[in-house]
Each structure stands twice: as C-alpha cells, then as structure tokens.
Amino acid sequence: MKITKIADGNHSTLLGMNGGCPESPDGKRLVYALKSNLDENKTKIIICNADLTNHRHIFTVNCGNHNGPSATFVDNSTIVFRDSIDNLPVFRIMDVDTGEIKYKITAKESHCAENGKYPFSISAEFIGKNPDYPEISECGIYVLDIADGKITLAASETEILDMVKSHGLTPNEHTASVSHVQLNPSGTAVMMRLGVAECPVFGALGCIDLDTKVTHIIPDKPVHQLWFDDDTYMATRQFNQGRHIEMETSYIARFSKDGEELEILGGISNHMDGSADRCYFAGDRCYPGFAPNVYLYKRGSKEPAAEFEIPDEQETVWQKQVHPNPSFSRDGKRLYFNRPRAGGGTDAVFADISELIK
C-alpha cells in the first residue's frame, strides 16, 4: 500500500504523539515539524494543506525528537505545541493565520485539547516560572480555557498523593510530577500517568472525575493510553517476564477506569490509536531488535488488516528516539506515522487506507 511523504527534501520531518492527530478539525490543514537533522534541537513548525500544498513555516522551537514538538490543532486556526526555554518545557498556543501567540506557559504539556480546554501539569521546577499567570501557584494539574484564558486547578499535588494512598499504593519522589495528562472527550475527567513504588516498570494510570472528585487507579497500567470514550480507555497491554517487555504477547484492548479489560481491539502494538468511529485501530511494533512496522486492525481482531513496513533503523528509533506514533485522520481514511528512513533521518508520512475500511 502506498505511503506518502508529507514533505519532500533531505531534512527530517516529524509528527507528534500517538493519537495526536496532525489535522485541523475540518480536515483541511496539517501541522508537522521539520529539522535539518535529528542531532539538533532547532525545529520548525510547518503548516500545509491536507493535499500537501502551501507548506508554510510559522514558528521555530527547541525540542528533541521524542514526540517532536507535539503539535496539534485546538480549532481550525489554532495550534498548541511544545518548546523549551532554559531547559524547561514551555507550551505555546498560536493562531496560525495571524501568527499571534495567545498563551505561553512554562509547564509540562498534555496530549491535546478537548472542547477548547487544554490540561497541563505543574511540578516543583515550574513554580515561580509563570509570573503572567499568578493563578499557577502550586503543583498539580491545571486546565486552560483557551477561549477566555481562565486557568483552573483541577487537582492539587495533595489530592494526587491522597488518591495514590487511598488506592493502597505508595507515592515516590516522582508521583506528583505526572505526565500524559488527558481530558476525556467531554472534559469531565482527567487521566494521568503516575510513578508509584509498587509499579517500577509500567507505572500507574490515575483518573479524577472533575465534578465528583471520585478517583480511579490502574496499577501496572497498559501503555500509551488514550480515551476510548468518556468512561473507558484504549491502550496496549504489555507483559514483562523479568527480562524484557515482550513484543509478541502485546495487544490493544479497551479498559475500564479501574483496569478491567473490557474487549480486545487489536494485536501487536506499542504506540497505538483508534479511528474516530472506533472501528479500526493501529499500533506500531516499536520494540528493540525489531523493525518498527505499523499495523492496522479491524476492531476485535489480533490479525492485521494491513502492515506498513518501516526500515529497521535501530539507532534512529532508540538512540534518536523517533517512534512511529500512528494517528488516524479525522475521517479515518488516512493513517499518519513517523517513518525512519533507511540510512538515517525520518519522514512524516501517511497511508491512504480508504480502500481497507469500506
């Protein structure tokens, strides 16, 4: 099946996190990152039309290769992306038509915005780094309303630590420094990855219902989790038998907030995503020693409906941290991913899967 590069040239191009759709909500534009090579941090943010015309450099950031600048659309004319200033992560929200930076906040960015709201997390190193936002005054998870600029503390550090303890787990020095913060589609609950003493390999997955403050935790969580709907997750289940995390026994599944496996969604995977209608799922074989091919699955089948080959470039994937990170288009007809290039470098690409999903 044909794989199309989003941009031509000798540079490297990158897409963001798994499930971080690079398309605008109306499907008319794409956002991606461009580097002259993978050994430097200077990275250009590029906007183009979905038909791959009108490529336009709109901003330059400093970031590594892992997830690139995590650029996604908030609405049809606004994007959010990661930068770095004085070795601290910063996220910016920008109007791509006017070039205006609407917000610049020193914090750990989240996966994407939901319903015009963008969650982010603050740990100790960020305290005092946002003088323009005095409401960011303590560690915890915050939510920014992009329309009016209101910032709300969704969960304090104390609440996060109390949640962990109430579920019989032991906080460590990194517990309150949460990552992979994501709002559910309605914005009524927030999930986050937690470091806890009992789960040194996979960590724990926490969730707080923002209205009721009811909490949920999955110890030794499934990985690269995304919301399946308002009340359940989709993620890759991995197993470690004391030697390494296994590729061959991994699979994509749906989980309750408390960790009950509800259904199998697909087969071998690491980073994963689901189509908007949740009929198809994609995962990459991103495991040391294997070419990180991308697989497409029909819901409920561990046998792939299609396989997209990626050159076996272990240095690019592991030392330079370029992971395929598959993501579906808004209409489910394209599958976007990073494709490390034979001999070095990487391309942001997509496969047209419209003939497979009829």
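I will try to describe carefully the structure that is included in this document.

What counts, and where the lines are drawn
Residues numbered from 1 in each chain as written. Predicted model: local features only at pLDDT ≥ 70, side-chain atom pairs only at ≥ 80, totals over all residues. Heavy atoms only, no water. Pairing = 2+ DSSP bridges. Helix = DSSP H or I, 4+ residues; strand = E, 2+ residues; numbered from the N terminus. Contact = heavy atoms within 4.5 Å. Buried < 20%, exposed > 50% of the residue type's maximum accessible area, 1.4 Å probe, protein only. Arc of directions from axis to C-beta. Phe/Tyr/Trp six-rings, centres within 6.5 Å; stacked < 30°, edge-to-face > 60°. Lys NZ or Arg CZ within 6 Å of the ring centre and 35° of its normal. Salt bridge = Lys/Arg side-chain N within 4 Å of Asp/Glu carboxyl O. Polar contact = N/O pair within 3.5 Å; in protein donor to acceptor, adjacent residues only side chain to side chain. Axes fitted to C-alpha atoms, helices over the stretch in contact; angles between N-to-C directions. Disulfide = S-S within 2.5 Å.

### Quick notes on the sheet that holds strand 1 (residues 3-5)
For step 1, the next point in the chain: Reading across the sheet, the four strands line up as 1-27-26-25 and stay open at both edges, with antiparallel pairing between neighbours. Among the strands making up the open sheet, the edge pair consists of strand 1 and strand 25 (327-328).

### Looking at the environment of Lys129
For step 1, the next point in the chain: Note on placement: Lys129 falls in the loop between strand 10 (117-122) and strand 11 (140-145).
For step 2, the next point in the chain: Apart from the residues lying within four places of it in its own chain, the contact partners of Lys129 are Leu88 and Thr106.

### Comments concerning unusual backbone geometry
For step 1, the next point in the chain: The phi dihedral of Ser70 is positive, around 50°, even though this residue is not glycine.
For step 2, the next point in the chain: Checked against the element boundaries, Ser70 lands in the loop between strand 5 (56-62) and strand 6 (72-75).
For step 3, the next point in the chain: Judged by its relative accessible area of 7%, Ser70 falls in the buried class.

### A word on the pairing of strand 13 (residues 179-183)
For step 1, the next point in the chain: In terms of strand pairing, strand 13 meets strand 14 (residues 189-194) through three bridges, oriented antiparallel. Bridging across to strand 14, Gln182 finds its partner in Met191.
For step 2, the next point in the chain: Two successive antiparallel strands, strand 13 and strand 14, enclose a turn made up of five residues, where Gly187 displays a positive phi of approximately 75°.

### Examining helix 1 (residues 157-166)
For step 1, the next point in the chain: Taken together, the buried positions of helix 1 are occupied by Ile160, Met163 and Val164. Taken end-on, helix 1 shows its buried residues confined to a sector of 95°, consistent with a single buried face. Seen from the open side of helix 1, the exposed residues pointing more than 90 degrees away from its buried face are Thr158, Lys165 and Ser166.
For step 2, the next point in the chain: Contact partners of the buried residues in helix 1: strand 11, strand 12 (151-156), strand 14, strand 15 (204-209) and strand 16 (215-218).
For step 3, the next point in the chain: A positive backbone phi angle near 80° is found at Gly168, which sits one or two residues after helix 1.

### Describing the packing of aromatic side chains
For step 1, the next point in the chain: One pass over the structure, following the stated rule, counts ten aromatic pairs.
For step 2, the next point in the chain: Ring geometry for Phe91 and Tyr118: centres 4.9 Å apart, planes at 55°, overall tilted. Here Tyr118 lies in strand 10 and Phe91 lies in strand 8 (residues 88-95), a separation of 27 residues in the sequence. Neither residue differs from the other here; Phe91 and Tyr118 are each classed as buried.
For step 3, the next point in the chain: Feature note: the residues Phe91, Tyr118, Phe120 and Tyr142 constitute an aromatic cluster, connected by ring pairs.
For step 4, the next point in the chain: When the ring centre of Phe350 is taken as origin, the NZ or CZ atom of Arg334, which lies over that ring, is 3.8 Å away.

### Side note on the pattern of salt bridges
For step 1, the next point in the chain: Tallied over the entire structure, the rule returns eleven salt bridges.
For step 2, the next point in the chain: A salt bridge links Asp145 to Lys117; the shortest N-O distance between them is 3.5 Å. Note that Asp145 is positioned in strand 11 and Lys117 in strand 10, a separation of 28 residues in sequence.
For step 3, the next point in the chain: On the basis of relative accessibility, which here comes to 18%, the residue Asp145 falls in the buried class.
For step 4, the next point in the chain: The exposure class of Lys117 is partly exposed, given its relative accessible area of 33%.

### Describing the side chain of His111
For step 1, the next point in the chain: Here His111 lies in the loop between strand 9 (101-106) and strand 10.
For step 2, the next point in the chain: Look at His111 and you get buried, because its relative accessible area is 5%.
For step 3, the next point in the chain: Within polar-contact distance, the side chain of His111 engages the backbone oxygen of Asn18 at 2.9 Å.

### Looking at the sheet that holds strand 12
For step 1, the next point in the chain: Strand order across the open sheet formed by three strands is 10-11-12, with antiparallel pairing between neighbours. Because the sheet does not close on itself, it has two edges, and the strands there are strand 10 and strand 12. Pairwise comparison of adjacent strand axes, ignoring direction, gives a mean angle of 25° for this sheet.
For step 2, the next point in the chain: Where strand 10 lies against strand 11, six bridges are found, and the strand directions are antiparallel. When the bridges of strand 11 are listed, Pro119 appears paired with Val143.
For step 3, the next point in the chain: Relative to the sheet, helix 1 contacts strand 11 and strand 12, its axis offset from that of strand 12 by approximately 30°.

### Describing the pairing of strand 27 (residues 346-352)
For step 1, the next point in the chain: Strand 27 sits mainly inside the fold: six of its seven residues count as buried.
For step 2, the next point in the chain: Sheet topology places strand 1 next to strand 27; three bridges connect them, and they run antiparallel. Across the sheet, residue Ile3 finds its bridge partner in strand 27, namely Ala351.
For step 3, the next point in the chain: Two elements, strand 26 (residues 334-340) and strand 27, share seven bridges in a ladder whose sense is antiparallel. Residue pairing in the sheet places Arg334 in a bridge with Asp352 of strand 27.

### Side note on the side chain of Asn184
For step 1, the next point in the chain: Within the element layout of this structure, Asn184 appears in the loop between strand 13 and strand 14.
For step 2, the next point in the chain: Of the residues examined, Asn184 reaches a relative accessible area of 1% and is grouped as buried.
For step 3, the next point in the chain: Looking at Asn184, its side chain comes within polar contact range of the main-chain oxygen of Asp230, at 3.1 Å.
For step 4, the next point in the chain: Setting aside residues up to four positions removed in sequence, Asn184 forms contacts with Glu114, Ala189, Trp227 and Asp230.

### What to know about the state of the cysteines
For step 1, the next point in the chain: Taken as a whole, this structure holds zero disulfides when the rule is applied.
For step 2, the next point in the chain: The structure places no disulfide on Cys21, whose sulfur is separated from the nearest cysteine sulfur, that of Cys112, by 9.5 Å.
For step 3, the next point in the chain: Cys48 takes part in no disulfide bond, and the closest cysteine sulfur, belonging to Cys21, lies 12 Å away.

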